[in-house]
Amino acid sequence: MSLARKLASPTHPAVEHLIADGAHVFDQRVDPKAAADLLAEIRATRHFDHRLFLSEAEFDADPQYTGVNPKPGRNLLERFEDRLGFVEQAPHIVEAVSAVLGPDYTILNKKVVCGVPQTSVPEWLRKRILGNPVNNLGAYVRPENRDVTYFYGIDFHQDLIDYKDRPADFLTLYVYLHPVTKLDAPLYLLTGTHVLGGTLFPHDLERSGPDHWTYRDRRGGQVEARQLVLTGEAGYAAMWHACTLHGTQPDAADHERISLRYLLAQGSGRAGIDEVNAALKGPLSLDETRNDLDAKGAAVIKANSVNKA
Ligand SMILES: O=C(O)CCC(=O)C(=O)O
């Protein structure tokens, strides 16, 4: 089939939504029973409370800000590899992801993400991290617990932030393993923000209405973005472009929010993502993605937009 014919063939709704909004929320959930079963097994691996953390003295003796996320050999999902078919082989997920990234798409990264509730974060730590834009708590959790990523909120960011010099040829797929309400640190997503391409974190955002933000790229471009709060039942799934701004507020519930986060990368051929990226008005990759950290990885900028949402 010629390229022209191929592009003229009906576009999968996931591709259309990614072009228009930078995100696609699946109408159909993944199997909620399989999600609940996996959740029970994840919860059984540890106490998701203050026992996750180092003491202040232990932390101060040797602060480690980098290398504290899951990695090969220290990733809880490696233990549950045979339980992930309800996501990875769900026909509607495979079909949509294949339309966007090509049938030979790859899994770049997958992990469990935990939104830690306020009641579980030790007082000394809450004081230290107050107002930080990125509260990934990996630095403060005991080394044996670093097979999961723990957040106490993260300001609006692009997932390109972790991939300096890599083009935005990947998507994030998020799956909720239990019902997530407004109180369970749901993802806040700013639709249409992918259009400006890669921009430096922290981003230039100004609230323009109850559910709207003005987003500027500091290169003269700007968009009005609608805020979408991703709440849903167990098995809820959504995916977004690597340049789509999203973030979370600290978990206000008294229990943790546990989700699966996948990064899925384009396969070898042309696919829907090329159409999405052709419509962007900004760069597809960045040589610097953030300027909020010092050389050791500690936060030097105290600012946060998503907490004002
Ligand atoms: O789960 C969270 O609290 C934040 C996750 C997020 O934004 C991310 O993983 O990029």
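Refer to the preceding data block for the structure.
Just so you know, these numbers come straight off a predicted model, no measurement behind them. (Residues numbered from 1 in each chain as written. Predicted model: local features only at pLDDT ≥ 70, side-chain atom pairs only at ≥ 80, totals over all residues. Heavy atoms only, no water.)

Thoughts on the environment of Ala36
Cut-off, in case you're wondering: Think of it this way: any DSSP run of H or I at least four residues long counts as a helix, any run of E at least two long counts as a strand, and we number them from the N terminus.
Among the structural elements, Ala36 can be located in helix α3 (residues 32-43). Separated by 142 residues in the primary sequence, Ala36 and His178 have C-alpha atoms spaced 6.6 Å apart.

Some details on the side chain of Asp159
Basically, it comes down to this: Working definition: with a 1.4 Å probe on protein chains only, accessible area under 20% of the residue-type maximum means buried, over 50% means exposed, and in between means partly exposed. Polar contacts here mean pairs of N or O atoms no more than 3.5 Å apart (in protein, one a potential hydrogen donor and the other a potential acceptor; neighbouring residues in sequence count only if both atoms are side-chain atoms). The criterion used for residue contact is that any of the two residues' heavy atoms lie within 4.5 Å.
Looking at where Asp159 falls in the secondary structure, it is placed in the loop between β4 (149-157) and β5 (170-176). Accessibility expressed as a relative area gives 1% for Asp159, which makes it buried. Side-chain polar atoms of Asp159 contact the side chain of His246, separated by 3.2 Å. For Asp159, the side chain forms a polar contact with the side chain of Arg261, separated by 3.1 Å. In contact with Asp159, other than residues within four places in its own chain, are Phe170, Thr172, Trp240, Ala242, His246 and Arg261.

Describing the packing of aromatic side chains
To be explicit about the condition: Any two rings among Phe, Tyr and Trp, with Trp reduced to its six-membered ring, count as a pair given centres within 6.5 Å; such a pair is stacked if its planes are under 30 degrees apart, edge-to-face if over 60, and tilted if neither.
Under the definition given, this model contains nine aromatic pairs. Centroid distance Tyr176 to Tyr236: 5.2 Å. Interplanar angle 15 degrees. Geometry classified as stacked. In this pair, Tyr176 sits in strand β5 while Tyr236 sits in the loop between β9 (222-230) and β10 (237-241), placing the two residues 60 residues apart along the sequence. In this pair, the class of Tyr176 matches that of Tyr236, namely buried.

Quick look at the site of the ligand
For clarity, the threshold we go by: Each residue is tested against the molecule or strand, and it is near if at least one of its non-hydrogen atoms lies within 4 Å.
Neighbouring the ligand are the residues Val113, Phe151, Ile154, His157, Asp159, Tyr174, Leu187, His246, Thr248, Arg257 and Arg261. Thr248 has a polar side-chain atom sitting 2.9 Å from an oxygen atom of the ligand. Between an oxygen atom of the ligand and a side-chain N or O atom of Arg261, the distance comes to 2.6 Å. If you list the elements that add at least two residues to the shell around the ligand, you get β4, β11 (246-248) and β12 (257-265). Here the shell around the ligand takes three residues from β4, the largest share from any one element.

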